[in-house]
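# Structural overview
What follows is the residue order along each chain.
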There are 2 protein chains.
Amino acid sequence: MPWSKKLNIEIILRIIGILLMIEGFFLLTALPFSIYYSEDPFGWALLDGVHDFWPLLLSALFTSLIGIFLYFAAGKDVKKNLGKREGYIIVSIAWIVISVFGAIPFVLSGSVTSYTDAFFETISGFTTTGASILNNIEGVPKGLLFWRSMTHWIGGMGIIVLSLAILPFLGIGGMQLFIAEVPGPTPDKLHPRITATAKRLWGIYVMLTIVETGLLMLGGMNLFDGLCHAFGTMATGGFSTRNTSIAGFSPYIQYVITVFMILAGTNFTLHYLALHGKFKDIRKNEEFKYFIFIILVATLIITVSLIVIDQMHPETAFRDSIFTVVSIITTTGFVTADYLFWPGALWFIIFGLMFVGGSAGSTGGGIKVVRHLLLFKNSLLEFKRQVHPQAVLPVRMSGKPVSQDIIFNVLAFFLIYFIIFAIGTFVMSLMGLDFETAIGTTIATLGNIGPGIGHVGPVDNYSAIPAIGKWFLSFLMLLGRLELFTVLILFSPAFWKR
Amino acid sequence: MPWSKKLNIEIILRIIGILLMIEGFFLLTALPFSIYYSEDPFGWALLDGVHDFWPLLLSALFTSLIGIFLYFAAGKDVKKNLGKREGYIIVSIAWIVISVFGAIPFVLSGSVTSYTDAFFETISGFTTTGASILNNIEGVPKGLLFWRSMTHWIGGMGIIVLSLAILPFLGIGGMQLFIAEVPGPTPDKLHPRITATAKRLWGIYVMLTIVETGLLMLGGMNLFDGLCHAFGTMATGGFSTRNTSIAGFSPYIQYVITVFMILAGTNFTLHYLALHGKFKDIRKNEEFKYFIFIILVATLIITVSLIVIDQMHPETAFRDSIFTVVSIITTTGFVTADYLFWPGALWFIIFGLMFVGGSAGSTGGGIKVVRHLLLFKNSLLEFKRQVHPQAVLPVRMSGKPVSQDIIFNVLAFFLIYFIIFAIGTFVMSLMGLDFETAIGTTIATLGNIGPGIGHVGPVDNYSAIPAIGKWFLSFLMLLGRLELFTVLILFSPAFWKR
């Protein structure tokens, strides 16, 4: 992708405009559920109690109108040249703008009383974090809950395209490494390639969502619950329609969600390969192997401990373990058990998984398994390099040597991640949170997980965090979701130099 | 340094033997204080109360004898070829062996009842950590306390030579970067160069210790207290002869110790340059500038906060702030104030400083300022590299470009440091410690600091840690002190392959 000398502001306006129009359309999809579940769907929220039909409709219209306005404000002859710079700006701004507008129905309906809370909930949705400020989820009208889960699904869709089709071309975070697998029709022409890749991946995303909804409904969920939880799963988001998250559902449903969380946390190009029967290529993928390996080891340790120490029923112990491990490593954040009350240091394993994250090219957030793998391999090689200083020893991944540039990029990513984690913890401490909660809020938002440790554990929520803290955590969600560099580069002087 | 094909075990035995003879000699230096401070110096500990003369003398003789035995056990014609491999092995083993023997007088005298505790205290001394298991320091006989402080001083002396003369040749942790400054007489002949460098640096170390002792005695300390605290300062160790550490001493003494902690945490080649009037070269040293900069900024923030929030007297606030900041960043661990009870998130600044560490080539432990600088510069460049993927942008330090090998090494160091930190916290959690204490014990020992957070804060000690935990923390002290790789490389298969 070229580096445009003059910033093409018009194309930025136009694309943001288009995104807002699409958001307006998606807001409308909540209306059927609003009508179906309400006794007086066309009543007006501000007059009596909490309704959601008019707030949703008005927000949809308002958002679309602003979108149309931006589209035309860009002028008649918008140049189509989209450079790296415009790419970075659009990606960062888009997430903020759709959250700004997506928060409106929560406030208009009166379900959420402060705009801060509504924005937090919405960006938490779009970034597929799943951190909530709602104290009584079941008291919120169904249309709004559907929109809340829909923000996850849209966010997950955006991330798939971003991580597999856009970020690699922007050169972010060594993501070039993960695009080789799905060949586009014209590899040297960027635009058609992104479009083609996006279509294929969205197809898989939609299909998996439909299959999961079907399986959840087979287990007794209605269409509304099925869709909402499938959205939350496939986006690795974590918003539920119940106050107790997934704990109240049947073992069958918990297992279904576990399987689909694993699928959602897997590189989507592997699903593509699987559909084409290329299982050999999947077996070669080291990240996937280690992703599964980590899940199995953590599950085994926790299951055995829960059986031995807590005398739990083996099946329950296994189910709670694998569900929690998968929910945290994939950064989904659904809950069936309060890991903070597990015996010994088991919760520490969960805490450690918060720093692992899903696979690259999945909807999962966090650092990602592949980065850990690269870093780990490079560190092991460092010992060999000490012993044989003359030898050239490149890191190999799935059999191929990895360029030093990518290793450097990954190392810088780690450093910046931990610096932000430290600063985040410090800032949250300044707001009067205790140490564990400060750590918990930071990693749970930066890693797009949702539940953390301390007072934002699996059975708590974020309502008690001070307003300024909620804005700060919203920023962390965005940083984490966009692989740090995409956002941070906007603050670099080199970026703005001509 | 060459990589010998056949391990020269004889030379290892011989050098360890020599070290034990030297240790025996140093044990004798505690005897005058034992005699002077005891009413019945030649009484025998096991019969009535705690005495230290005979335990110290017996330990000295036993240690020397074993040393002589090892020296001769090495055989008659020991080949003088000392390769990299022998270097790694000697450095790691030496620290363990001298701690094994140095712990004996504590147990023999009955001052410390378990060998675990005595070993912990001794390796804490030699690694200049300063973490103590003594509940009542003032109840321990003076001769033993002198030996305890002497372990710091010996350890500090060892570290200076190690970090400026030996490790650079072993290629450890990018330490090659810091040796260019003091030219030896024959740069291509290793042995004379190490000897010459070591002599120069020891001269500075001894001189600074004498000057500090003098200044402390001017402030009213007796020779015993003066020497012990000068040992603790110059080695950035932190053992005091008082239960309240430095809190009970006068402001003058606190300021003197502050200044000398800064000197001890500075690259000793800078002292050498200063003695030769080469202040221009000192001014060029970026690590020193940032070391001072970090101290000033942290002190300023804490001072102002203590004045404003706690209504403290400005001079007291400044003194407590700078003393604590310097004590922690240099990894000394002397205490005048309990930072865990500072208002707001001030303690978090101190916690952050625990991860910074002193300068390379000083007696300070931890990650070291220069590694942070390199990493930080490299991360900033990463943004530039994203914008200009074609440009070659090396990291520059003190004006000179730094090779990619060193950057890689430093990055691997960071990663391994944090992995060990995470594992350490996990292991200590398993032993039933709460989260903060688990974190505190790990970083305070791995960083060779002494006081941590949680229940090992500035006014606590390590006596309540389970025995197995003390052995584990002892290992962390060694790991941290020897820049990780020196020890870890012994566990690498490549190291033992012919």
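In this report, we go over the structure that sits alongside the text. On a predicted model such as this, the values are computed, not experimentally measured, just so you know.

### Looking at the overall build of chain A
Scanning chain A from N- to C-terminus turns up 21 helices and two strands. A compact globule built from 498 residues should have a C-alpha radius of gyration of about 23 Å, and chain A, at 22 Å, falls within 12% of that. Of all 498 residues assigned to chain A, the portion counted as buried reaches 61%. Long-range pairs, those at least 24 residues apart, make up 72% of the contacts in chain A with a sequence separation of at least 6. Of the roughly 18900 Å² of accessible surface on chain A, a fraction of 70% belongs to carbon and sulfur atoms. Computing the positive centroid from 32 side-chain charges and the negative centroid from 28, chain A places the two 17 Å apart.

### Here's the deal with the packing of aromatic side chains
All names here are of chain B. According to the stated counting rule, one finds 73 aromatic pairs over all chains in the structure shown. Taking 5.5 Å as the distance between ring centres and 40 degrees as the angle between the ring planes, the aromatic pair formed by Phe-120 and Tyr-462 counts as tilted. A residue pair is termed long-range when its members are at least 10 positions apart, and Phe-120 in helix α6 (residues 115-126) and Tyr-462 in the loop between α18 (435-446) and α19 (467-481) qualify at 342 residues. Classification of Phe-120 as buried rests on a relative accessible area of 0%. Its end group placed over the ring of Phe-239, Arg-148 keeps NZ or CZ at 3.9 Å from the ring centre.

### Description of the relation of the copies chain B and chain A
The two copies are related by a screw operation: chain B maps onto chain A through 180 degrees of rotation and 0.0 Å of translation along the axis, at an RMSD of 0.0 Å. Taken together, the rotation and translation describe the operation of a two-fold axis. Using C-alpha coordinates, one finds that chain B approaches the rotation axis most closely at Leu-411 of chain B, a distance of 3.4 Å.

### Examining unusual backbone geometry
For Asn-448 of chain A, which is not glycine, the phi torsion reads 55 degrees and is therefore positive. For Asn-448 of chain A, a relative accessible area of 0% gives the class buried. Even without a glycine there, the phi angle at Thr-331 of chain B is positive, about 65 degrees. As for its position among the elements, Thr-331 of chain B is in the loop between α14 (314-329) and α15 (346-353). With relative accessibility at 1%, the residue Thr-331 of chain B sits in the buried group.

### Structural notes on the environment of Phe-224 of chain B
Residues and elements named next belong to chain B. Tracing the sequence through the fold places Phe-224 in helix α9 (residues 223-234). When the C-alpha positions of Phe-224 and Thr-122 are compared, they lie 19 Å apart, and in sequence the two are 102 residues distant. Residues in contact with Phe-224, not counting those within four places in the same chain, are Phe-33, Tyr-37, Lys-142, Leu-145, Phe-146 and Thr-241.

### Overview of the interface of chain B and chain A
Each partner contributes residues to the interface: chain B has 46 residues there, and chain A has 46 residues. The largest share of the area that chain B buries against chain A comes from Gln-386, Phe-408 and Phe-435 of chain B, three residues that together contribute 20% of it. The tally of links between chain B and chain A comes to zero salt bridges. In this structure, the connection of chain B to chain A is made through zero residue pairs in polar contact (both at pLDDT 80 or more). Where the side of chain B that touches chain A is concerned, the elements lending two or more residues are α4 (84-102), α15, α16 (369-387), α17 (404-430), α18, α20 (485-488) and α21 (493-496) of chain B. The element contributing the most residues to the side of chain B that touches chain A is α17 of chain B, with 13 residues.

How each quantity is defined
- Residues numbered from 1 in each chain as written.
- Chains lettered and ligands numbered in written order.
- Predicted model: local features only at pLDDT ≥ 70, side-chain atom pairs only at ≥ 80, totals over all residues.
- Heavy atoms only, no water.
- Helix = DSSP H or I, 4+ residues; strand = E, 2+ residues; numbered from the N terminus.
- Rg over C-alpha atoms; globule rule 2.2 N^0.38 Å.
- Buried < 20%, exposed > 50% of the residue type's maximum accessible area, 1.4 Å probe, protein only.
- Contact = heavy atoms within 4.5 Å.
- Areas by Shrake-Rupley, 256 points an atom, 1.4 Å probe, with all protein chains shown as cover.
- Lys, Arg positive; Asp, Glu negative; His and termini not counted.
- Charge placed at Lys NZ, Arg CZ, Asp CG, Glu CD.
- Phe/Tyr/Trp six-rings, centres within 6.5 Å; stacked < 30°, edge-to-face > 60°.
- Lys NZ or Arg CZ within 6 Å of the ring centre and 35° of its normal.
- Least-squares fit on C-alpha atoms with pLDDT ≥ 70 in both.
- Buried area = accessible area lost by both parts, 1.4 Å probe.
- Salt bridge = Lys/Arg side-chain N within 4 Å of Asp/Glu carboxyl O.
- Polar contact = N/O pair within 3.5 Å; in protein donor to acceptor, adjacent residues only side chain to side chain.

Don't take any of this as a statement about function, it's just geometry.
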